[in-house]
Amino acid sequence: MSNTGLIQRIRRPPQPPTPILGCSKVVLCAIPIAQIALGAIHQKDCPVQPLIPIYLIVMGTFSMVLNLLACLPCAREPEDGTTNPTSRVCTAWNSLVSAFVFCWFIAGNVWIYSIYQPDYVKNNTVPNRYCDKTMYLFAFWTTTLVYIFLGLFLVVGCCVLVCFFLCGRADPDDDV
């Protein structure tokens, strides 16, 4: 029983058609655009944690940068396996931006979850203890969705690995 076909498909997964890639990029850019817009519109509407609107603006901007970097031809490795200096620079830049986005995401978690559930209505007795409901809930749920998708990815990945392990076992009578 040979697994070389499976290994080749893992090394070079089939590319989806260009229209599907284009549509997925548009959808993936919608959330960062919404983050930038909501953060900019409500920049002064969260005095209890004024860094949340800034978090949304910066996260949206750098997510857009990562999406645009993925579209550049220099971000792809050549088919022949060689590397060129432009590809190395692109990979290094992509790695730096990804590391920044990860650190910024952790900081955003602290800012968002530390004030869970803020007052959504401006109170005259304590005016600095509120946060705009739309902006806060958007930041909260976009952050929480990252964890939900990460959990789903891990569960599905573990299930796939178990299936590969169970289905990929050679029978005792095979000459492997």
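Thresholds applied
- Residues numbered from 1 in each chain as written.
- Predicted model: local features only at pLDDT ≥ 70, side-chain atom pairs only at ≥ 80, totals over all residues.
- Heavy atoms only, no water.
- Helix = DSSP H or I, 4+ residues; strand = E, 2+ residues; numbered from the N terminus.
- Areas by Shrake-Rupley, 256 points an atom, 1.4 Å probe, with all protein chains shown as cover.
- Core = buried A, V, L, I, M, F, W, Y, C linked by side-chain atoms within 4.5 Å.
- Buried < 20%, exposed > 50% of the residue type's maximum accessible area, 1.4 Å probe, protein only.
- Contact = heavy atoms within 4.5 Å.
- Phe/Tyr/Trp six-rings, centres within 6.5 Å; stacked < 30°, edge-to-face > 60°.
- Disulfide = S-S within 2.5 Å.
- pLDDT = per-residue confidence, 0-100.
- 1 Å grid on protein atoms, 1.4 Å probe; cavity = no way out; pocket = protein on both sides within 12 Å on 5 of 7 lines; lining within 4 Å.
- Points joined across faces, edges and corners; volume = space filled by probe spheres on them.
- Nonpolar A, V, L, I, M, F, W, Y, C, P; charged D, E, K, R; others polar.
- Patch = residues over 30% accessible without salt bridge, like charges linked within 9 Å, V, L, I, M, F, W, Y side chains within 5 Å.
- Salt bridge = Lys/Arg side-chain N within 4 Å of Asp/Glu carboxyl O.

With respect to the overall build of the protein
And then number 1: Within the protein, the regular secondary structure consists of five helices and zero strands.
And then number 2: Shown N-terminal to C-terminal, the secondary structure of the protein runs as helices and strands in the order α-α-α-α-α.
And then number 3: When the accessible area of the protein is evaluated, it comes to approximately 12,300 Å², of which 70% is carbon and sulfur surface.

A few points about the nonpolar core
And then number 1: With 19 residues, the main nonpolar core has C46, I52, Y55, I112 and Y136 as its most contacted residues.
And then number 2: Put simply, the parts of the chain that give this core at least two residues each are helix 3 (51-71), helix 4 (85-113) and helix 5 (133-167).
And then number 3: When residues in this core are grouped by element, the largest group, six residues, is from helix 4.
And then number 4: With near-sequence residues (within four places) excluded, I112 lies in contact with I52, Y55, Y136, A139, F140 and T143.

A closer look at the packing of aromatic side chains
And then number 1: Going through the model one piece at a time under the given rule, you end up with 11 aromatic pairs.
And then number 2: Centre to centre, the rings of F105 and Y147 are 5.6 Å apart; their planes meet at 45°, and the pair counts as tilted. Placement of the pair is F105 in helix 4 and Y147 in helix 5, with a sequence separation of 42 residues.
And then number 3: According to the relative accessible area criterion, Y147 is partly exposed, its value standing at 38%.
And then number 4: Of the aromatic side chains, those joined through ring pairs into one cluster are Y113, Y116, Y120, Y136, F140 and W141.

A closer look at the state of the cysteines
And then number 1: Scanning the entire structure with this criterion turns up one disulfide.
And then number 2: Sulfur-sulfur distance for the disulfide between C46 and C131 comes to 2.0 Å. As the torsion about the S-S bond is roughly -105°, the C46-C131 disulfide counts as left-handed. Linking C46 in the loop between helix 2 (18-41) and helix 3 with C131 in the loop between helix 4 and helix 5, this pair joins segments that are 85 residues apart in sequence.
And then number 3: No disulfide involves C158; its sulfur sits 7.1 Å from the nearest other cysteine sulfur, which is in C159.

Focus on the confidence of the model for the protein
And then number 1: Scored by pLDDT, the protein has a mean of 85; 82% of the residues are at 70 or more.
And then number 2: No element of the protein has a lower mean pLDDT than helix 1 (residues 4-11), which averages 55, and none a higher one than helix 5, which averages 94.

Details of the side chain of N109
And then number 1: Considering the arrangement of structural elements, one finds N109 in helix 4.
And then number 2: Other than its neighbours up to four places away in sequence, N109 contacts S114, T143 and Y147.

A look at the layout of surface pockets
And then number 1: Counted as a void, the largest pocket has a volume near 670 Å³.
And then number 2: Every residue lining the largest pocket is counted, 18 residues in all, and those nearest its centre are L28, I31, P32, S63 and V146.
And then number 3: Residues belonging to the lining of the largest pocket are distributed by class as follows: 13 nonpolar, five polar and no charged.

Observations regarding a nonpolar patch on the surface
And then number 1: A cluster of nonpolar side chains, F102, I106, Y113, Y147, L150, F153 and L154, forms an exposed patch at the surface whose accessible area comes to about 730 Å².
And then number 2: Listing elements by their share of the nonpolar patch, those giving two or more residues are helix 4 and helix 5.
And then number 3: Here the nonpolar patch gets four residues from one element, more than from any other, and that element is helix 5.
And then number 4: Here F153 shows up in helix 5.

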